[in-house]
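Residues per chain are reported as follows:
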Amino acid sequence: MANNNEFLEFNNAMKLYELDIFTLGKMADEIRQKKFGKKVFFNSNRHINPTNECADICKFCGFSAHRKNKNPYTLSQEEIFKEAQKAIEIGALELHIVGAHNPKLDLKWYLELFSNLKAKFPQIHLKALTAAEVNYISKLANKSYQEVLELMAESGVDSMPGGGAEIFDEKIRDYICKGKVDSKTWLDIHGYWHTLGKKSNATMLFGHVESREHRIDHLLRLQKQQEKSGGFNAFIPLVYQKENNFLKVEKFPSGQEILKTLAISRIILENIPHIKAYWATLGMNLAIVAQEFGADDIDGTIQKEAIQSASGSKSANGILKEEIISQIKDAGFIPVERDSLYNEIQTY
Ligand code: V47
């Protein structure tokens, strides 16, 4: 920690975990209600994962092809266009495109994919490539990440998803995903993307081998980045799913610990507009309860989910919009369908 102020800030933030869940929930809910009242946001989106062949081995990942997941694949652009066409026909307004670090798919391949998708489907919002992928592809192309981000923007990428952040603490990061983009570069990539006038999200993978200290450190680093570049739209705390991977975890967080972490995220990240309780890692029930603890978004219909479901979550086939609306209403909230940049489309 650089100075006394940061030490104090860290200690104060750590003390939040000592509060009981209702006190924390009330604090987070006050911020949430001030920002969004009783609205719960969701969107109509579709995940497309072009490949699972990955040069990196993150211990927590059940999606990439390895000895516990022996089905390597790489989609052709034609196959991706077909998936996109089908997705749009059944209502997707956003394509969320992330995959793996595959040396066969270079910068040129991705830029062609994005500009072709935009030419075929000009109305679609392209949310594509994690900062980890940007870092990998730029090294492969021998270009700076700045240049890659500029080319992505020119080719039609509208926003960047929040993946690849995992846990910023260098020791934990080294243990769970050695070789992946380092924490500073992850933050710098998002910072540069924001200077291009673009928005992005941020995630934190928790509930594995990290401690509360590591989560607080992660949140404070994001808070500082947002002060500098201001372009994060949503923070998404991802609960670790334990199957088909190489990360041995002894103790999993209780519902209470998960809700406390969400509430603390809302409190510390007051400068990031939205906290997303991602139903694919929380389950829909807890994602809805999380709306009482600072969250205001649950992500969307997804249609097809491959990353968390590879490690055990029940999200492979997405969820119907009607089911999302019904769950939000049943909990006494107002369902609001949004676009990818949180413009409101329809209130139900
Ligand atoms: O970075 C991998 C995570 C992330 C597991 O920006 C796992 O709107 C839990 O970032 N258990 C990719 N999580 C997904 C992601 C995301 C998802 C939804 C919305 C947005 C957004 C972003 O998935 C990876 C990694 O942290 N992940 N394995 C696992 N076993």
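Given the structure is predicted, the values throughout are model-derived calculations rather than measurements.

Section: unusual backbone geometry
A positive phi angle, close to 60°, is found at Asn 142, a residue other than glycine. Following the sequence through the fold, Asn 142 ends up in the loop between helix H5 (131-141) and helix H6 (145-154). Even without being a glycine, Gln 303 presents a positive backbone phi close to 70°. Within the fold, Gln 303 resides in the loop between strand S9 (297-300) and helix H13 (321-330).

Examining the site of the ligand
Taken together, 23 residues lie around the ligand, and Lys 127, Gly 162, Gly 164, Glu 166 and Lys 276 are the ones closest in. Residue Gln 308 places a side-chain N or O atom 3.0 Å away from a nitrogen atom belonging to the ligand. At 3.3 Å, a side-chain N or O of Ser 311 approaches a nitrogen atom of the ligand. Expressed as a share of its isolated accessible area of 610 Å², the protein-covered part of the ligand is 97%. Every element with two or more residues in the shell around the ligand is listed here: strand S6 (199-206) and strand S7 (232-239). Residue composition of the shell around the ligand, by class: nine nonpolar, 10 polar and four charged.

Some words on the sheet that holds strand S11 (residues 344-347)
Spatially, S9-S1-S10-S11 is the arrangement adopted by the four strands of the open sheet, whose pairing is mixed. Two strands lie at the open edges of the sheet, namely S9 and S11, each paired on one side alone. Averaged over all pairs of adjacent strands, the angle between their axes in this sheet comes to 30°, without regard to strand direction. Where strand S1 (residues 39-43) meets strand S10 (residues 334-338), four bridges bridge the pair, whose relative direction is parallel. Note that in S10 the partner of Val 40 across the bridge is Pro 335.

Quick notes on the pattern of salt bridges
A complete count under the given rule lists 21 salt bridges for this structure. Among the ionic pairs, Lys 39 bridges to Glu 344, the shortest N-O distance being 2.9 Å. Of this pair, Lys 39 sits in strand S1 while Glu 344 sits in strand S11; the two residues are 305 residues apart in sequence, bridging distant segments of the chain. Each member of the salt-bridge network shares a partner with another, and the members are Glu 210, Arg 212, Arg 215 and Glu 257.

Some details on the packing of helix H3 (residues 77-89) against helix H4 (residues 107-120)
As a packed pair, H3 and H4 sit with axes 11 Å apart at the nearest point and diverge in direction by 35°. The two elements H3 and H4 cross, and the hand of that crossing is right-handed. Here Gln 77, Ile 80, Phe 81 and Ala 84 of H3 come into contact with H4, specifically with Trp 109, Glu 112, Leu 113, Asn 116, Leu 117 and Lys 120. Residue composition of the contact of H3 with H4, grouped by class: six nonpolar, two polar and two charged.

Notes on the UniProt feature "binding site: [4Fe-4S] cluster" (unreviewed entry) in the chain
Mapped onto the present numbering, the UniProt feature "binding site: [4Fe-4S] cluster" (unreviewed entry) falls on Cys 54, Cys 58 and Cys 61. Relative to the elements of secondary structure, Cys 54 occurs in the loop between strand S2 (45-48) and H3. In this structure, Cys 54 is in contact with Ser 64, Ala 100 and His 101, ignoring residues within four places of it in sequence. Positionally, Cys 58 belongs in the loop between S2 and H3. The class for Cys 58 is buried, based on a relative accessible area of 9%. Those residues in contact with Cys 58 that lie beyond four places of it in its chain are Ile 176, Cys 177 and Lys 180.

Some points on the nonpolar core
Counting residues in each nonpolar core, the largest one holds 104 residues, and the members touching the most others are Phe 114, Met 152 and Trp 186. Met 152 has contacts with Leu 111, Phe 114, Ala 128, Leu 129, Val 134, Val 157, Met 160 and Trp 193, leaving out every residue within four places of it along the chain.

Examining the UniProt feature "binding site: S-adenosyl-L-methionine" (unreviewed entry) in the chain
Taken from the UniProt record, the annotation "binding site: S-adenosyl-L-methionine" (unreviewed entry) applies to Phe 60 and Glu 166. The largest pairwise C-alpha distance within this set of annotated residues, which runs over 107 residues, is 9.7 Å, so the set is compact in three dimensions. Leaving out residues up to four positions away in the same chain, Phe 60 has contacts with Glu 166, Ile 176, Cys 177, Lys 180, Leu 205, Tyr 240, Asn 245, Leu 247 and Ser 311. Not counting residues within four places of it along the chain, the set of residues in contact with Glu 166 comprises Phe 60, Arg 173, Ile 176, Cys 177, Lys 180, Thr 203, Met 204, Leu 205 and His 218. In this structure the side chain of Glu 166 is engaged in a polar contact, spanning 2.7 Å, whose partner is the side chain of Lys 180.

Here is what the cut-offs are and how they apply
Residues numbered from 1 in each chain as written. Predicted model: local features only at pLDDT ≥ 70, side-chain atom pairs only at ≥ 80, totals over all residues. Heavy atoms only, no water. Helix = DSSP H or I, 4+ residues; strand = E, 2+ residues; numbered from the N terminus. Near = heavy atom within 4 Å. Polar contact = N/O pair within 3.5 Å; in protein donor to acceptor, adjacent residues only side chain to side chain. Areas by Shrake-Rupley, 256 points an atom, 1.4 Å probe, with all protein chains shown as cover. Nonpolar A, V, L, I, M, F, W, Y, C, P; charged D, E, K, R; others polar. Pairing = 2+ DSSP bridges. Axes fitted to C-alpha atoms, helices over the stretch in contact; angles between N-to-C directions. Salt bridge = Lys/Arg side-chain N within 4 Å of Asp/Glu carboxyl O. Left-handed = near helix turned anticlockwise from the far one by under 90°. Contact = heavy atoms within 4.5 Å. UniProt positions renumbered as here; feature names shortened; annotations may be inferred. Buried < 20%, exposed > 50% of the residue type's maximum accessible area, 1.4 Å probe, protein only. Core = buried A, V, L, I, M, F, W, Y, C linked by side-chain atoms within 4.5 Å.

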